[in-house]
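Here are the chains, one letter per residue:
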Amino acid sequence: MNPMTHIKLCGFADEADANRLGQIKALTENNIPYLEIRGVDGTNIADLSREAALQFKSELDAAGIQVWSIGSPAGKTQISGCFDDDIAKFNHLLDMAEIFEAKRIRLFSFYGTNGDDAYFDEICRRLNIFCDLCDKHGVIPCHENEKGIYGDIAERCVKLHQAVPRLKAVFDPANFIQCGVDPLTAYQKLRKNIACFHIKDAVMSDGEVVPAGKGDGHIAHILTDFAKDHEGVMLTVEPHLKSFAGLKDHTSMKKMPRHIYKDNNESFDAAVTALKNILEERGLSYE
């Protein structure tokens, strides 16, 4: 590994606390200097007002936290839907990127395709429009592999990146696992397209999300390999772990989760600790 390589830690802090000040607290206590912004006081970033955004930006600045990316829901819409509505919302998201000084925005490749290549040209048309809008704002569009969208498995993700080369990849191991895809195989196919990682792990047998290193995501191997020739690798912690607050009736559950926590703050802390343990065991420096 290049000794100058530094991994940067980021977080979806709305998984620790819906409240914006609680998010700052969770990031600060875990020594995470970057935020991938998705929800603020229970409002999705796509619906956040300029006034609320400016207020949160001033609070983040005071805490020394930078917004790395806009964790937008763009492209998590039906391919049969009105794309004009998507464009209007995307323009608002890019306004949010300007306010928060974020240089990246994540997006998706639409529901309702069932992986059918008959939709491919229309998907690419829409993604290229998103890319054009990003170019005007100096923002990098990053496609996340996700269950139920066209780009859910590695082969279709590769096809998208080949057709829309301005599109970078957000690599999410757990999402691949939940689609029955081995993350290591997917990584080998997508390595050259990856801009950043969403860190969550899962178990192949049933898709349950677990702390990093506790599932079948090959996270330690993938991060070690990627860090060999990439500086400033950004890892966004996205816990998706179970808390007691989310388990309304424990006795009625057929299968208890492998890892559960008393609240969202505890699950966020556990997810961060699991990732840091992997990095330290592999001798990967981070900040």
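Now for a quick tour of the structure. Remember, it's a predicted structure, so these values are computed and weren't measured experimentally.

### A few points about the packing of helix α5 (residues 154-163) against helix α7 (residues 183-190)
Then comes step 1: Here α5 crosses α7 at 15 degrees, and the two axes come no closer than 9 Å. Considering their axes alone, α5 and α7 lie roughly parallel with respect to each other. Of the two elements, α5 crosses α7, and the hand of that crossing is right-handed. Contacts between α5 and α7 involve Ala154, Glu155, Cys157, Val158 and His161 from the first element and Ala186, Lys189 and Leu190 from the second.

### Some words on helix α9 (residues 264-281)
What sets the pattern is the α-helix's 3.6 residues per turn: residues three or four places apart point alike.
Then comes step 1: Under the 1.5 Å per step criterion, the end-to-end length of α9 is 26 Å for 18 residues, consistent within 8% with the ideal 26 Å.
Then comes step 2: Inspection of α9 places Ser267, Phe268, Ala270, Ala271, Val272, Ala274, Leu275, Lys276, Ile278 and Leu279 among the buried residues, and these make up the whole buried set.
Then comes step 3: Near the N-terminus of α9, the side chain that reaches the backbone nitrogen of Asn265, with its oxygen 3.2 Å away, is that of Asp263.
Then comes step 4: Once α9 ends, the next one or two residues include Gly283, with phi positive near 70 degrees.

### Describing the environment of Leu223
Then comes step 1: Mapping Leu223 onto the fold places it in helix α8 (residues 219-227).
Then comes step 2: A sequence separation of 107 residues divides Leu223 from Asp116, and the C-alpha atoms of the two residues are 32 Å apart.
Then comes step 3: Beyond its immediate chain neighbours, meaning those up to four positions away, Leu223 contacts Phe197, Ile199, Leu235, Leu275, Leu279 and Leu284.

### A look at the packing of helix α4 (residues 120-137) against α5
How two helices pack is summed up by the angle between their axes together with the distance between the axes.
Then comes step 1: At a closest axis distance of 10 Å, the pairing of α4 and α5 adopts a crossing angle of 55 degrees. Judged on the interaxial angle alone, α5 and α4 are oblique. The way α4 lies across α5 gives a crossing that is right-handed. Where α4 abuts α5, its residues Phe120, Ile123, Cys124 and Leu127 lie against Lys159, Leu160 and Ala163.
Then comes step 2: Here the contact of α4 with α5 is built from residues that sort into 6 nonpolar, no polar and 1 charged.

### A look at the pattern of salt bridges
Then comes step 1: Summed over all chains, the structure comprises 23 salt bridges.
Then comes step 2: Across the pair Arg20 and Asp41 runs a salt bridge whose closest N-O atoms are separated by 2.9 Å. In this pair, Arg20 is assigned in helix α1 (residues 20-29) and Asp41 in the loop between β3 (39-40) and β4 (43-44), connecting sequence segments 21 residues apart.
Then comes step 3: Accessibility expressed as a relative area gives 38% for Asp41, which makes it partly exposed.
Then comes step 4: When the shortest N-O distance is used, the salt bridge between Lys76 and Glu146 registers 3.2 Å.

### Some words on the packing of aromatic side chains
Then comes step 1: Applying the stated criterion across every chain yields a total of 11 aromatic pairs.
Then comes step 2: With a centroid separation of 6.4 Å and 15 degrees between ring planes, the pair formed by Phe110 and Phe130 is classed as stacked. Pair noted here: Phe110 is in the loop between β6 (104-107) and α4 and Phe130 is in helix α4, with a separation of 20 residues, a long-range link. Side by side, Phe110 and Phe130 carry an identical accessibility label, which is buried.
Then comes step 3: Pairwise contacts between aromatic rings join Phe171, Phe176, Tyr187, Phe197 and Phe226 into one cluster.
Then comes step 4: Lying over the aromatic face of Phe110, Arg126 brings its terminal NZ or CZ to 5.3 Å of the ring centre.
Then comes step 5: Sitting over the ring of Tyr150, Arg156 keeps its end group 5.7 Å from the ring centre.

### Points about α1
Then comes step 1: Of the positions making up α1, those classed as buried are Arg20, Gly22, Gln23, Ile24, Ala26 and Leu27.
Then comes step 2: Of the surrounding secondary structure, the elements contacted by the buried residues of α1 are β1 (7-11), β2 (34-37), β3, α2 (50-63) and α9.
Then comes step 3: If you check the start of α1, you find a side-chain oxygen 2.8 Å away from the backbone N of Leu21, and it comes from Asn19.
Then comes step 4: Note on α1: the residue one or two positions beyond its end, Asn31, has a positive phi of about 55 degrees.

Parameters and conventions
Every chain begins its residue count from 1, and numbering advances along the sequence as written. Per-residue local features of the predicted model are confined to residues with pLDDT of at least 70, and side-chain atom pairs are confined, for both listing and counting, to 80 or more; whole-chain, interface and lining totals are unaffected and use all residues. Side-chain figures throughout are based on the complete set of non-hydrogen atoms in the structure, without hydrogens or water. Note on geometry: axes are C-alpha line fits, over the in-contact stretch for helices, and angles between N-to-C directions span 0 to 180 degrees. Secondary structure elements follow DSSP: runs of H or I no shorter than four residues count as helices, runs of E no shorter than two count as strands, and numbering proceeds from the N terminus. In this scheme, roughly parallel covers angles under 35 degrees and roughly antiparallel covers those over 145, while 65 to 115 is roughly perpendicular and the rest are oblique. By convention, the crossing between two helices is left-handed when the near helix turns anticlockwise from the far helix through less than a right angle, and right-handed when the turn is clockwise. Any two residues having at least one pair of non-hydrogen atoms within 4.5 Å are treated as being in contact. Each helix should span, by expectation, one fewer than its residue count multiplied by 1.5 Å. Think of it in three bands: with a 1.4 Å probe and only protein chains considered, a residue is buried below 20% of the maximum accessible area for its type, exposed above 50%, and partly exposed in between. Under this definition, polar contacts are N or O atom pairs within 3.5 Å; protein pairs additionally need one hydrogen-donor-capable and one acceptor-capable atom, and for neighbouring residues in sequence, both atoms have to be side-chain atoms. Side-chain classes are defined by residue name, with Ala, Val, Leu, Ile, Met, Phe, Trp, Tyr, Cys and Pro counting as nonpolar, Asp, Glu, Lys and Arg as charged, and the others, Gly among them, as polar. We define a salt bridge as a contact between a side-chain nitrogen of Lys or Arg and a carboxyl oxygen of Asp or Glu at a distance within 4 Å. Planes of paired rings set the category: under 30 degrees apart is stacked, over 60 is edge-to-face and the rest tilted, where pairs are Phe, Tyr or Trp rings (Trp by its six-membered ring) whose centres lie within 6.5 Å. Our definition puts a charge over a ring when NZ of Lys or CZ of Arg is within 6 Å of the ring centre and also within 35 degrees of the ring normal.

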